[in-house]
Amino acid sequence: MNLFDTIKGWISPRPLPSVVQYGRGIHALPNPEEKEEFERASDSFIRGDILSGYKHFLSSLIHQGRGFPHPHLSFEHIDDTLHFNLYQGYAHIIGKVTVSSLEAYADIAMSRPLHVAIKRRFLERDFQLTYCRFSETDGAIKLSIRIDNATITPQKIFFPLREISLNADFEKEFIAGEFDASLLLDTEHILSIAPEKIASHYAFMQQWIRETKQSLIGLLSNDNTGMASFSYLALLLQIDYLLLPRKKIAKNINDKINGYFMDDEKLTEDKNADLEQYLGELETMDIETFSTQFYDASYTFSPFDQALHDEIAAFIDESLNKVRWYKHNHSNYVISVIYRYISLYILYNYGLHPSLRSLFHLHVEVYASPFFKAQGEAELYDPVTQTFRKSLIEQRIRESIEPYSNRYKGLNNFADLINYSDLDHFSQSFYLQIKNLDYTES
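These notes cover the structure that comes with them. (Residues numbered from 1 in each chain as written. Predicted model: local features only at pLDDT ≥ 70, side-chain atom pairs only at ≥ 80, totals over all residues. Heavy atoms only, no water.)

## Details of the overall build of the chain
Stage number 1. Counting its secondary structure elements, the chain contains 16 helices and eight strands.
Stage number 2. Relative to the compact-globule value of 22 Å for 442 residues, the chain shows a C-alpha radius of gyration of 24 Å, a close match.
Stage number 3. In terms of overall dimensions, the chain has C-alpha extents of about 70 × 70 × 40 Å along its principal axes.
Stage number 4. By residue count, 50% of the 442 residues in the chain fall in the buried class.
Stage number 5. Long-range pairs, those at least 24 residues apart, make up 70% of the contacts in the chain with a sequence separation of at least 6.
Stage number 6. As displayed, the chain has an accessible area near 21700 Å², and 51% of this comes from carbon and sulfur atoms.
Stage number 7. Of the charged side chains in the chain, 43 are positive and 60 negative; the average position of the first set lies 1 Å away from that of the second. (Helix = DSSP H or I, 4+ residues; strand = E, 2+ residues; numbered from the N terminus. Rg over C-alpha atoms; globule rule 2.2 N^0.38 Å. Buried < 20%, exposed > 50% of the residue type's maximum accessible area, 1.4 Å probe, protein only. Contact = heavy atoms within 4.5 Å. Areas by Shrake-Rupley, 256 points an atom, 1.4 Å probe, with all protein chains shown as cover. Lys, Arg positive; Asp, Glu negative; His and termini not counted. Charge placed at Lys NZ, Arg CZ, Asp CG, Glu CD.)

## A short note on the packing of aromatic side chains
Stage number 1. Tallying each qualifying case throughout the model produces 36 aromatic pairs.
Stage number 2. Considering the side-chain rings of phenylalanine 315 and tyrosine 341, the 6.5 Å spacing of their centres and the 45° angle between planes classify their relative orientation as tilted. Residue phenylalanine 315 is found in helix H11 (residues 309–328), and its partner tyrosine 341 is found in helix H12 (residues 333–349); the two are separated by 26 residues along the sequence. For the residue pair phenylalanine 315 and tyrosine 341, the accessibility class agrees, reading buried in each case. (Phe/Tyr/Trp six-rings, centres within 6.5 Å; stacked < 30°, edge-to-face > 60°.)

## Thoughts on the pattern of salt bridges
Stage number 1. Applying the stated criterion across every chain yields a total of 17 salt bridges.
Stage number 2. A salt bridge links arginine 40 to glutamate 33, with the nearest nitrogen and oxygen atoms 3.0 Å apart.
Stage number 3. Overall, glutamate 33 belongs to the partly exposed group, its relative accessible area being 37%.
Stage number 4. The partner of lysine 213 in a salt bridge is glutamate 283, with the nearest N and O atoms 3.0 Å apart. Here lysine 213, found in helix H6 (residues 195–215), pairs with glutamate 283, found in helix H9 (residues 268–284); they are 70 residues apart in sequence, far enough to count as distant.
Stage number 5. The exposure class assigned to lysine 213 is partly exposed, which follows from its relative accessible area of 45%.
Stage number 6. Overall, the relative accessible area of 25% leaves glutamate 283 in the partly exposed class. (Salt bridge = Lys/Arg side-chain N within 4 Å of Asp/Glu carboxyl O.)

## Brief notes about the pairing of strand S1 (residues 73–78)
Stage number 1. Pairing between S1 and strand S2 (residues 81–88): six bridges, direction antiparallel. From the neighbouring strand, glutamate 76 faces S2, where its bridge partner is histidine 83.
Stage number 2. The antiparallel pairing of S1 with S2 creates a hairpin that spans two residues between the two strands, and aspartate 79 there sits at a positive phi of about 55°. (Pairing = 2+ DSSP bridges.)

## Considerations on the sheet that holds strand S6 (residues 140–148)
Stage number 1. In space, the six strands of this open sheet follow the order S1-S2-S3-S4-S6-S5, with antiparallel pairing throughout. With one partner strand each, in any of the chains shown, S1 and strand S5 (133–137) form the two edges of the open sheet. Strand-to-strand, the axes of this sheet are offset by a mean angle of 25°, without reference to chain direction. (Axes fitted to C-alpha atoms, helices over the stretch in contact; angles between N-to-C directions.)

## Section: helix H16 (residues 423–435)
Stage number 1. A rise of 1.5 Å per residue sets the reference length of H16, with its 13 residues, at 18 Å; its end C-alpha atoms lie 18 Å apart and thus fit the reference within 8%.
Stage number 2. Every buried residue belonging to H16 is among Phe426, Ser427, Ser429, Phe430, Tyr431 and Ile434, and all of these are buried.
Stage number 3. Those residues of H16 that are buried lie in contact with H11, H12, helix H13 (354–367), strand S8 (387–388) and helix H15 (390–401).
Stage number 4. Two to three positions downstream of the cap, the backbone nitrogen of aspartate 424 sits 3.1 Å from a side-chain oxygen, assigning the N-cap of H16 to aspartate 422. (Expected span 1.5 Å × (residues − 1). Polar contact = N/O pair within 3.5 Å; in protein donor to acceptor, adjacent residues only side chain to side chain.)

## Let's talk about the environment of proline 403
Stage number 1. Tracing the backbone through its elements, the reader meets proline 403 in the loop between H15 and H16.
Stage number 2. Taking the C-alpha atoms as reference points, proline 403 and phenylalanine 179, separated by 224 residues in sequence, lie 45 Å from one another.

## A closer look at unusual backbone geometry
Stage number 1. Residue aspartate 79 is not a glycine yet carries a positive backbone phi of 55°.
Stage number 2. In this structure, aspartate 79 sits in the loop between S1 and S2.
Stage number 3. If you check the backbone angles, lysine 247 has positive phi at about 50° while not being a glycine.
Stage number 4. Structurally, lysine 247 is set in helix H8 (residues 247–262).

Quick look at the structure:
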């Protein structure tokens, strides 16, 4: 860094990265030395210093911020063994490392009261897993891994540890949603959600469902199936992203969204009917049932694989082409829905760089300003006066971009290139700028 850059940093310090607290990603920032710790782990393994290598590797996984009563990952070196605890939602992974091996397990559920269908499911799941296996020990169903350290590398630790974490959480969540959460073992780390927050979430869900149904009156015909699809999908994505339900609601939303895109045999009208029916189930769900679907927990691994920016840009291009088609055919209602859908779908379906996640979240905030206002956050757009908080949006774009501009020299702040004429112009200009972001490392 030269003298000019140093003085500039004193006068106008680089903003801290923003942390998104919504959606199913990790609600914290990666370790700023993640890459360096990973490389130190590799160097230690090459030198044959196994335990030191594991310390560096585990350190690379530790996130910054989002405090819980317990850390999401901790380790302790006692004599010739490294002991660690890792949390992933419902899952608590307990592990130990010696010079010769890593052994880790997660307690899933009590074996005796489990329905035979679940036990059969575990046997079937074993064939789908690469590194870990289910077993029954002392009346408990466990998911375990063992890694031989003879030819260990950071990559050979990462994928097995990620697999056991994601799958232990997935199976415990499945049991809690489909059967009975009281069957689960080792759940003391799960945090409850305040009743007033759940009541607010319930009220917003009901409001969004009513508004969506109202907006589609007169449009539900064979000529408007695409409009209905975007409306229903955007609503389910918004419920999932902003309210973050767990257990059965989360599973059902995932099944409905994936079923829409993966079932090529079914007509779009029938797919829409399925989505509409499930939204009806959510609308008639009482708040007592709704409240059982929420909890808070810490996470170590993202459930998403990192997407290339080219993939994101291609999806934006494809979606904006649909906007142009609907504009050409004078179907103006669905345009704002597609703009809202783009960000929600990307946040739902892709692993994103923290800067991109923050930017797409910003777009969600603009379109769902009343929700964020109710959460005590700043309102970025006033739907009554149809005005933007331009200075605050520009600040948020800057906070999303500039913390990473040293690493990505072509990553430029585009806040002054946004069109604030109305929501449609805002979205069009916003997505075009995101599409052209340059994540080439310097």
